[in-house]
Amino acid sequence: MNDTFLKACRGEEVPYTPIWIMRQAGRYLTEYREVRGKSNFLNMCKTPELAAEVTLQPIDILGVDAAILFCDILIPCEAMGQGLDFHEGKGPILSPAIRDEETVNKLFVPDPEDTMKFVMDAIRLLRKELTDRVPLIGFAGAPFTTATYMIEGGTSKNFLNTKMMIYQSPELFKILMDKITASITEYLKAQISAGAQAVQIFDTWGGIFCPADFREHALSYVQKIISDLKSAMSSGTINTVPIIYFVGESAGLLEEIKTSGADVHGVDWRINLDDAISRLGDGAVVQGNLDPLSMFLPPDKIEVRVKDVLKRGESAKGHIFNLGHGVVPQTPRDNVIALVEIVHRLSKK
Ligand code: CP3
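Residues numbered from 1 in each chain as written. Predicted model: local features only at pLDDT ≥ 70, side-chain atom pairs only at ≥ 80, totals over all residues. Heavy atoms only, no water.

Asks: Any chance you could explain the overall build of the chain here in plain terms?
Replies: Regarding its fold elements, the chain presents 16 helices and nine strands. Rg of the C-alpha trace for the chain: 19 Å, near the compact-globule value of 20 Å for 349 residues, within the 12% margin. Each principal axis of the C-alpha distribution contributes one length, and for the chain these read about 55 × 45 × 45 Å. The proportion of buried residues among the 349 residues of the chain is 57%. Taking all contacts inside the chain whose residues are at least 6 apart in sequence as the whole, residues at least 24 apart take part in 73%. Between the mean site of the 37 positive side-chain charges and the mean site of the 45 negative ones, the chain shows a separation of 3 Å. (Helix = DSSP H or I, 4+ residues; strand = E, 2+ residues; numbered from the N terminus. Rg over C-alpha atoms; globule rule 2.2 N^0.38 Å. Buried < 20%, exposed > 50% of the residue type's maximum accessible area, 1.4 Å probe, protein only. Contact = heavy atoms within 4.5 Å. Lys, Arg positive; Asp, Glu negative; His and termini not counted. Charge placed at Lys NZ, Arg CZ, Asp CG, Glu CD.)

Printed below as a string of structure tokens:
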């Protein structure tokens, strides 16, 4: 197997810097749009054969060093009892919005093999289809990021309802967060048992907080998930796999983030990677951090930026190349293919 990704996660020597791309299975690929045209997004997530097919597309087309399961961070919200739908052009709709005691109390901590079996089936199928070509990454949303969607009922600009609950009904927010945290912990354990060889926790909206609030309302729950997973790993209940923690707009929060317990920290593009590495401290392993929209530059200019990120990444114990956030649908497909080739070529030892 191409294990450069797993080796870099563990801070081991690698022959070149491995790369995968957040949202690598998606609308910027004509091949994805073809499958998507015959189905809808949720149906694709819930049909293991379709999820597996689009998961494999970027492996064949781009030559990335890891596969990430095709699914969505909002799938567990439905399993917890909230309605979930994706509307064309509007993004996700979750109903009813979780804003009071009644709606919080109705949510439950689901058995993942019971309610989200399709996810674990997709992982089992992918492990067979990948035949050990590259490792398979599983994932979940961090409790806070998941909670914003559940409370707002969808995507939000200023997270007003979420912050209102935090500041006006802190006990209720905590009950909700404890339920989400328990659900995500079980969900990630099930993914690892099904064969996920690494897991990433997405805290896309963690950056909306000041450091003290981030610690209390987002990071503490992630620390709990990671310490529960690590104990299950050391007791042999689940396989030992790397845990990656990605926080969006994290530049003001790195001193908090370094206490997450994760093996790898995802860094967005708003900070120089060497700066992030020194603030994450000795032995940091990082993932990132090219601006996703720099993919609209011509390949020779992308190359200049890749060189800079690789150079800055040298001070880390391990570096996995990635964009600082997901690749956007309008991105020229050929530039993404070029990016992978450039990273492999320039980082070759
Ligand atoms: O990275 C991958 O290729 C794996 C698949 C993946 C998807 N979503 C597929 C997807 C992953 C890891 C996610 C994570 C996710 N989902 C996050 C965290 C990472 C991030 O980007 O910040 C968040 C916040 C979501 C929630 C979500 N899903 C939104 C807000 C939307 C609508 C916006 C959009 O891009 O359309 C989605 C839909 C979604 N998730 C699509 C894909 C490929 C587009 C669906 C389509 O084909 O129409």
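Asks: Explain unusual backbone geometry to me, please; I cannot follow it from the model alone.
Replies: Residues other than glycine predominantly adopt negative phi, and peptide bonds predominantly adopt the trans conformation. With omega at -10°, the peptide bond leading from Ser95 into Pro96 counts as cis. Mapped onto the elements, Pro96 comes out in the loop between strand 3 (91-95) and helix 6 (101-106). Cis geometry marks the peptide bond from Gly288 to Asn289; its omega dihedral reads -5°. Within the element layout of this structure, Asn289 appears in strand 8 (residues 285-290). One non-glycine residue, Asp132, lies in the positive phi region at around 60°. Residue classification places Asp132 among the partly exposed positions, given a relative accessible area of 39%.

Asks: I tried to follow the environment of Phe159 on my own but got confused; where do I start?
Replies: By the secondary structure assignment, Phe159 is in the loop between helix 9 (143-152) and helix 10 (160-168). Taking C-alpha positions, Phe159 is 29 Å from Leu229, a pair spaced 70 residues apart along the chain.

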